[in-house]
Amino acid sequence: MTDFHYKLDDDGIAIITWDCPDKSMNIMSETGFAELNGHIDTVLGDDAIKGAIITSGKDSFAAGMDLTVLAEWKEKGGDTPARALMDGVMQGHEVMRKIERAGMDPKTNKGGKPIVAALPGTGLGIGLEIPLACHRIFVADNPKAKIGLPEIMVGIFPGGGGTTRLVRKLGVMNASSFLLEGKTVAPAKAKAAGLIDEVVPADELISSAKAWIESATDADLVKPWDAKGYKMPGGTPYHPAGFMTFVGATAMVHGKTQGAFPAAKAMLAAVYEGALVPFDQAIRIEARWFTNILLNPSSSAMINSLFINKGALEKGAVRPKGIPDQSVKKVGVLGAGMMGAGIALVSALAGIEVVLIDQSQEAADKGKAYSEAHADKGIARKKSTPEKKEKLLSLITATTDLEALKGCDLIVEAVFEDVGVKAEMTKKVEAIVGEDCIFATNTSTLPISELAKASARPEQFIGIHFFSPVDKMLLVEIIKGKETGDRAVAKSLDFVRQIRKTPIVVNDERFFYANRCIIPYGAEANRMVAEGVEPALIENAAKQLGFPLGPLQLGDETSIDLAEKIMRATKAALGNAYPASNGDDVVQKLFDMGRLGRKTKSGFYDYDEKGKRTGLWKGLGDHFPVSEDQPSLTDVQHRLAMAQVLEAVRALEEGVLEDIREGDVGAILGWGFMPWSGGPFSWLDILGSQKAVEICEDLAARYGDRFEPPALLKEMAKNGESFYGRFGADAKAA
Amino acid sequence: MTHDAYIYDTARSPRGKGKKDGSLHEVSAVRLSAEVLNELQSRTGFDSKDVDDLIWGNVSQVGEQGGCLARSAVLYSDLDESVAGVSVNRFCASGLEAVNMAAGQVMGGMGNAYIAGGVESMSRVPMGSDGGAIAVDPTLAMKAYFVPQGISSDIIATKYGFTRDMCDEYAVESQKRAAQAQKEGRFDKSVFGITDQNGLEILGHDEMVRGETNMQTLGSLNPSFKAQGEVMPGFDAIALLKYPELEKINHVHHAGNSSGIADGAAAILIGNKEFGERNGLKPRARIKATAKIGTDPTIMLTGPVPVTERILERTGMNIGDIDLFEVNEAFASVVLRFQHYFNVDHSKLNVNGGAIAMGHPLGATGAVILGTLLDEMERSDKETGLATLCIGSGMGAATILERV
């Protein structure tokens, strides 16, 4: 297995081609680095060689580092994982620094050989960090190419010199959106931003690189930071302008991340400390912080959930075996309301033919207009073209005529949340579509098995729960009814893959998985309001945990009447078993007052005429007075988090969840559960099951039985087990 | 064996506006220091060979204020070269800290006499010129939840419910009192005119006082820290991380209810009994106790409360035992917090106005307000006084004086 291929052309220029076998995109491994190192040695050691081009045998350059290598280094380190990680990272740096210095005399900066990066397409992570060490970066004008350093998105930061080199190249201000937001851009924008040097037609990639090598002078090879008198663009921390930038960057990162994301902190520390020392020390500092972040359990959890496990789920980790491809060709969407319109849009965007049905032509057209508005916005932002818009709209047929559903291989029903209405539609539509058609219902609250009773083919009946707004939310929850068959599951998963979202597959119990966990989040907050906890403390406690919205704001967004409806329905369903809560009084009060949330411009918050939140509603205190004695921040946070996490554990215990990876990935993508934690199960593993049980027992004693740790968690605490230890990637739930 | 530390005399420059158009902008920090030292020496006539050290408070110790400004000031002045010189930085309380250190040295028997005080030429060496890691080193800034002082003053106002009107009312009163005190010559005991090398006066009085200030004039001023709190770079978010019970920060402070940026210097002669006797000087007051404390760096400026509790506990006194208070008017909310916490009558507190009216030359202010306190104790014939200041990065300092 060879990742890097070496060839010396007749003109004396070496071509080093990165081409990982059996992979659609290159990723960097430990052996990859060793091979690259060997080829660089060859180039630098042979006087007959003029220079080298590092390119790729694929239509992209590289997707990044193989993150499992980092985990392996850590493993290998045994008792001293820090040493093993630091050594591993520094080995990579030595190769890149060798490329960068290319045999130059350290004093005169003369005598180096030009080494050029020639990217046929996408270069991300280490796939940009290696080019940044080269003397010139050429990128083909490949429309699909993305250039950037997205590491921060998975809980680490560019630790292959990208942080240090980009800051030295662009200055903190200009590097910040790439480093802190992980922004990736097309080649032309990358060039404008100074990330890369040249964008050339794909077929001139190598010839352009060669021409540059032929004409490169000694001075062309010297990086600004290796030249005498280098000054960092925008200034270093104690330079007057730099001071303001560093104050601002630190404050912004601190405020925006709510202090909850260690990687952003570590990266900024590397930037600051690195800015005050020469390049080689800066690289070592970057490596120390990178090692530090790799050792942070939060980072490992984020890598696992947001990279490895998310990827696995998208690639069909839980797809039933032995079922042939079920890609959807024509989908019927029943109901052109907000959900239906969104489902039609994402389907058409994936190139699937859509029949969008509603009771009136006007309603159906309105649903289609959502796609039109989306396309127009894309055109205005130069992300789409009139041609693409036309193609998109041509895929959607908006009609009242159910006969148009003929030939659909998937139906997604998104009509009013009422068992009777849904049953009627199921029967009508099943009579029209072919026998093979899979019928999916988009419901967030109604039991699938109950709805399946209306179906003549219950094994082909399934739940597909989209989140709102459909085109923005990344998760889709697939719910198996009691009789749902494997083909329906495979079909749903293939559909979700087509529309490029992340699926989880769960079993049919009240509120499935996501809503089952979110509802207690709001309910716990409502209880606190009733108890007299300062509402701002509740909201801020949640935000500091990394939730995108405080629970009261979430209540306003999802609407108070929905909360009231769920409350009423749950009461009816559970009867005497319903756990009475003073939090219900809060919902009831707002509901009775007609403060239904954002849609009525009043709820837990006040809003101005345009619907902008102006602040928490002060009147809430008249009905639920704020008490003198306020709980600690940690107390509030534990209540808000455990209310959700224990539901996740119960969902696992009851078999609603079959795979903890789905529980973790689903929680982060579905409702923004504390991303830094890697998800509820990862968080419990970070805490340790014993500590978790301790926290819950303490909460149960003070706040009620709902915090009583489930038997599974107690058993794990007793045995000293972790969730990923017990239910890891391959293991299924008990 | 401990000794009593006495204040023999004080002298201070007038406070000049700390901008390029301020009267003292043309006077260097070293010369301003030397002028005050010479004044103190000439009005008391002590033999400077009896003085061990000049302990000189100063915040931005770079440029002309760098390189151990205290030693430079000694050499620039008429003091004997045997007076050593050490610069100290406890931010806004540097001048008081210098006094407290000197008192401690005397009490501990390390020499007979010290000169203490401080200087700040904010017009010539702007605040922040000396850098500092706490704002820019991400590890530290995030661990300490760093926000600038203005944000901290607004956190105090928000947390303790001080409205814009309350802060403005306080500021109007400070201006009124300062103007009245100036009119009555209450500062004349300490203040002397700064002259040029030919004896021509450059500045003879605190030049920033605006006695005509009223609620209307202040009402037109925009809040100073709203933009940096709410927009760029958004310090309020950090404040809320530390104070999650607050929904948002009310930005009530502005140029009119915050201390003014100023140039100035002040010196205090401190010695034991023996020093006074040898130099024929009568002590004006005894330094009864000193204290300092570290507090939460984010709200930063609440130190006067806990440091006062500490100094009272140390001396076995109650708040009611103090006849007069000087609480540095860094921001209106700082004084309001002190006043409300201890329930101190405003008639005992900052009776001649403060930094909101006259300005706050950082390194000097501690010694300035201690001199003002002593002058007022004598004028109104009070026995005991307390001076305290809030301090950057979350600290507090206090001194109790007792007349002898």
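Residues numbered from 1 in each chain as written. Chains lettered and ligands numbered in written order. Predicted model: local features only at pLDDT ≥ 70, side-chain atom pairs only at ≥ 80, totals over all residues.

Let us look at the overall build of chain A. Scanning chain A from N- to C-terminus turns up 30 helices and 21 strands. Relative to the compact-globule value of 27 Å for 734 residues, chain A shows a C-alpha radius of gyration of 28 Å, a close match. Across the 734 residues that make up chain A, the buried fraction comes to 52%. Sequence-distant contacts in chain A: of pairs separated by 6 or more residues, those separated by 24 or more amount to 71%. (Helix = DSSP H or I, 4+ residues; strand = E, 2+ residues; numbered from the N terminus. Rg over C-alpha atoms; globule rule 2.2 N^0.38 Å. Buried ≥ 20, exposed ≤ 12 C-beta atoms within 10 Å, placed from the backbone. Contact = placed C-beta atoms within 7 Å.)

So, about the overall build of chain B. Scanning chain B from N- to C-terminus turns up 15 helices and 12 strands. For 404 residues, the compact-globule estimate of 2.2 N^0.38 gives 22 Å, and the C-alpha radius of gyration of chain B, at 20 Å, lies within 12% of that figure. Burial statistics for chain B: of 404 residues in total, 60% are counted as buried. A separation of at least 24 residues holds for 83% of the contacts in chain B among residues at least 6 apart in sequence.

A separate point is the domain arrangement of chain A. Residues and elements named next belong to chain A. Considered domain by domain, chain A is made up of domain 1 (4-299), domain 2 (330-508) and domain 3 (515-727). The centre of domain 1, based on its C-alpha atoms, is set 42 Å off from the matching centre of domain 3. Domain 1 puts 7 residues into the contact, and the matching count from domain 3 is 7 residues. Here the side of domain 1 that touches domain 3 is composed, by residue class, of 3 nonpolar, 4 polar and no charged. (Domains from an automatic or database assignment. Nonpolar A, V, L, I, M, F, W, Y, C, P; charged D, E, K, R; others polar.)

This part takes up helix α12 (residues 297-314) of chain A. Residues and elements named next belong to chain A. Compared with the 26 Å implied by 1.5 Å per residue over 18 residues, the 24 Å span of α12 between its first and last C-alpha is a close match. Where α12 bends most, at Asn304, the angle is about 35 degrees. Those residues of α12 that sit buried are Ser298, Ser299, Ser300, Ala301, Met302, Ile303, Asn304, Ser305, Leu306, Asn309, Lys310 and Leu313. Where α12 is buried, its residues meet α2 (67-76), α10 (262-275), α11 (279-294), β19 (502-507), α26 (660-671) and α27 (680-687). Positive phi shows up at Gly316, right after α12, with a value of about 90 degrees. (Expected span 1.5 Å × (residues − 1). Bend = angle between axes of the 7 residues up to and from the residue.)

With that settled, consider the interface of chain B and chain A. Contacts between the two partners involve 21 residues from chain B and, on the opposite side, 27 residues from chain A. Only α4 (133-136), α5 (138-143) and α10 (235-242) of chain B provide two or more residues apiece to the side of chain B that touches chain A. Residue classes in the side of chain B that touches chain A are distributed as 14 nonpolar, 3 polar and 4 charged.

Looking now at the sheet that holds strand β17 (residues 461-466) of chain A. Each strand in a sheet pairs with another by means of backbone hydrogen bonds, the pair being arranged parallel or else antiparallel. Residues and elements named next belong to chain A. A sheet is described by the order of its strands in space; here 8 strands give the open sequence β14-β13-β12-β15-β16-β17-β18-β19, paired in mixed fashion. Either end of the sheet is taken by a strand with one partner, and the two such strands are β14 (396-399) and β19. Between one strand axis and the next, the sheet turns by 25 degrees as a mean value, whatever way the strands run. Where strand β12 (residues 330-334) lies against strand β13 (residues 353-357), 5 bridges are found, and the strand directions are parallel. Paired with Val331 across the two strands is Val354, which belongs to β13. Against the sheet, α26 makes contact with β18 (475-480) and β19, and its axis sits at roughly 120 degrees relative to β19, the strand it touches most. (Pairing = 2+ DSSP bridges. Axes fitted to C-alpha atoms, helices over the stretch in contact; angles between N-to-C directions.)

So, on to the packing of helix α3 (residues 94-107) of chain B against helix α15 (residues 362-379) of chain B. All names here are of chain B. Running from N to C, α3 and α15 cross one another at 60 degrees; their axes reach a closest spacing of 5 Å. With respect to α15, the axis of α3 lies oblique. On α15, the residues touching Ser94, Gly95, Leu96, Glu97, Ala98 and Val99 of α3 are Leu362, Gly363, Ala364, Thr365, Gly366, Ala367, Val368 and Leu370. A breakdown of the residues in the contact of α3 with α15 according to their chemical character gives 8 nonpolar, 5 polar and 1 charged. (Parallel < 35°, antiparallel > 145°, perpendicular 65-115°, else oblique.)

So, about the UniProt feature "domain: 3-hydroxyacyl-CoA dehydrogenase NAD binding" (unreviewed entry) in chain A. Within this numbering scheme, the UniProt entry marks residues 330-508 of chain A as carrying the feature "domain: 3-hydroxyacyl-CoA dehydrogenase NAD binding" (unreviewed entry). In residues 330-508 of chain A, the share of helix is 41% and the share of strand is 22%. The end C-alpha atoms are 26 Å apart. (UniProt positions renumbered as here; feature names shortened; annotations may be inferred.)

Another point: the environment of Pro120(A). All names here are of chain A. Within the element layout of this structure, Pro120 appears in the loop between β6 (115-119) and β7 (123-124). Here the alpha-carbon distance between Pro120 and Leu205, two residues 85 residues apart in the chain, equals 7.2 Å. Other than its neighbours up to four places away in sequence, Pro120 contacts Thr55, Ser56, Asp59, Ser60, Phe61, Ala140, Asn142, Ala202 and Leu205.

Let's shift gears to helix α21 (residues 551-558) of chain A. All names here are of chain A. By the criterion of burial, α21 is predominantly enclosed, with 6 of the 8 residues buried. Residues Pro551, Leu552, Gln553, Leu554, Gly555 and Asp556 constitute the buried set of α21. Positive phi shows up at Ser559, right after α21, with a value of about 85 degrees.

So, on to the pairing of β17(A). All names here are of chain A. In terms of burial, β17 is a largely internal element, 6 of the 6 residues being buried. Two elements, strand β16 (residues 438-441) and β17, share 3 bridges in a ladder whose sense is parallel. In the strand pairing of β17, Phe439 is matched with Phe461. Note that β17 and β18 share 4 bridges and pair antiparallel. By the bridge assignment for β18, Phe466 is matched with Val476.

What follows concerns the packing of helix α6 (residues 149-160) of chain B against helix α13 (residues 332-342) of chain B. Residues and elements named next belong to chain B. One way to put it is that α6 packs onto α13 with a least axis distance of 9 Å and a crossing angle of 40 degrees. Taken together, the axes of α6 and α13 lie oblique to each other. Like other packed secondary-structure pairs, α6 and α13 cross with a definite hand, here left-handed. Of the residues in α13, those touching α6 at Ser153, Ile156, Ala157 and Tyr160 are Ser333, Val334, Arg337 and His340. Looking at side-chain class alone, the contact of α6 with α13 contains 4 nonpolar, 3 polar and 1 charged residues. (Left-handed = near helix turned anticlockwise from the far one by under 90°.)

Further remarks concern the nonpolar core. Among the nonpolar cores identified, the biggest contains 365 residues, and Val333(A), Ile411(A), Ala116(B), Ile270(B) and Ala367(B) are the most heavily contacted of them. With 11 residues, the top contributor of residues to this core is helix α25 (residues 633-653) of chain A. Setting aside its immediate chain neighbours within four residues, Ala367(B) contacts Gly57(B), Gly95(B), Leu96(B), Ala98(B), Val99(B), Ala116(B), Gly117(B), Gly118(B), Ala266(B), Ala267(B) and Ile268(B). (Core = buried A, V, L, I, M, F, W, Y, C linked by C-beta atoms within 7 Å.)

This part takes up the UniProt feature "domain: 3-hydroxyacyl-CoA dehydrogenase C-terminal" (unreviewed entry) in chain A. Residue and element names in this part refer to chain A. Here the UniProt feature "domain: 3-hydroxyacyl-CoA dehydrogenase C-terminal" (unreviewed entry) sits at residues 512-607 and 638-721. Taken end to end, residues 512-607 is 65% helix and 3% strand, and its two terminal C-alpha atoms sit 33 Å from one another. In this annotation, residues 638-721 is assigned 71% helix and 0% strand; the end-to-end C-alpha distance for the span is 21 Å.

Let's shift gears to the sheet that holds strand β2 (residues 13-18) of chain A. Residues and elements named next belong to chain A. Taking strand neighbours across the sheet as the criterion, the 6 strands line up as β1-β2-β4-β6-β8-β11 in an open arrangement whose pairing is mixed. Since the sheet does not close on itself, it has two edges, and those belong to β1 (4-8) and β11 (198-200), each with one partner. On average, each strand axis in the sheet is inclined to that of its neighbour by 20 degrees, with strand direction left out of account. Together, β1, β2 and β4 (51-56) form the strand contacts of helix α1 (residues 30-45), whose direction differs from that of β1 by roughly 15 degrees.

Our next topic: the environment of Arg497(A). All names here are of chain A. Looking at the secondary structure, you find Arg497 in helix α18 (residues 486-498). C-beta crowding within 10 Å serves as the criterion here: with 20 such atoms nearby, Arg497 is assigned to the buried category. For the pair formed by Arg497 and Ile54, sequence separation is 443 residues and the distance between their alpha carbons is 33 Å.

The next point concerns the confidence of the model for chain B. Per-residue confidence for chain B gives a mean pLDDT of 97, with 100% of residues at or over 70. Overall fold confidence (pTM) sits at 0.92, and the ipTM for the predicted complex is 0.94. (pLDDT = per-residue confidence, 0-100.)

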